[in-house]
Amino acid sequence: MKNNNLKEYKQKQQETNSKLVQRAIDYLKKVGGTISINSVSRTTYEIANPENDDKC
């Protein structure tokens, strides 16, 4: 039972993270930014940061 819950949790987390990364990549393409691991990481942080009112 616990393994099933863990699998579901990991799957939901992976789906959420994939959507977040895709959103960051789309934003970087829109503004003409360079798509790299570093820029995507910074952008996903800015999108996910609850204290940041100016969402991408």
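A quick note: this is a predicted structure, and the numbers were derived from the prediction, not measured. (Residues numbered from 1 in each chain as written. Predicted model: local features only at pLDDT ≥ 70, side-chain atom pairs only at ≥ 80, totals over all residues. Heavy atoms only, no water.)

**Q** I keep staring at the overall build of the chain and nothing clicks. Help me out?
**A** Summing up its helical and strand segments, the chain has two helices and zero strands in all. The 56 residues of the chain split such that 18% are buried. (Helix = DSSP H or I, 4+ residues; strand = E, 2+ residues; numbered from the N terminus. Buried < 20%, exposed > 50% of the residue type's maximum accessible area, 1.4 Å probe, protein only.)

**Q** Would you mind going over the side chain of S39 with me for this structure?
**A** Locating S39 in the fold gives a position in helix 2 (residues 37–48). Discounting residues that sit within four places of it in the chain, S39 has contacts with L28 and T34. (Contact = heavy atoms within 4.5 Å.)

**Q** It is not clear to me how the nonpolar core should be interpreted in this structure. Could you clarify?
**A** A24, I25, L28, V40 and I47 together form the largest nonpolar core, which totals five residues. Secondary structure elements with two or more residues in this core: helix 1 (2–31) and helix 2. Ranked by residues supplied to this core, first place goes to helix 1 with three residues. (Core = buried A, V, L, I, M, F, W, Y, C linked by side-chain atoms within 4.5 Å.)

**Q** Honestly, the side chain of T43 in this entry has me stumped. Any pointers?
**A** Inspection of the secondary structure puts T43 in helix 2. The buried category is assigned to T43, whose relative accessible area is 9%. Here S39 takes part through its backbone oxygen, which lies 2.7 Å from a polar atom of the side chain of T43. (Polar contact = N/O pair within 3.5 Å; in protein donor to acceptor, adjacent residues only side chain to side chain.)

**Q** I keep staring at the environment of A24 and nothing clicks. Help me out?
**A** Summarising the element assignment, A24 is placed in helix 1. The exposure class assigned to A24 is buried, which follows from its relative accessible area of 0%. It is 8.7 Å that separates the C-alpha atoms of A24 and S39, two residues lying 15 residues apart in sequence. Apart from the residues within four sequence positions on either side, A24 is in contact with V40, T43, T44 and I47.

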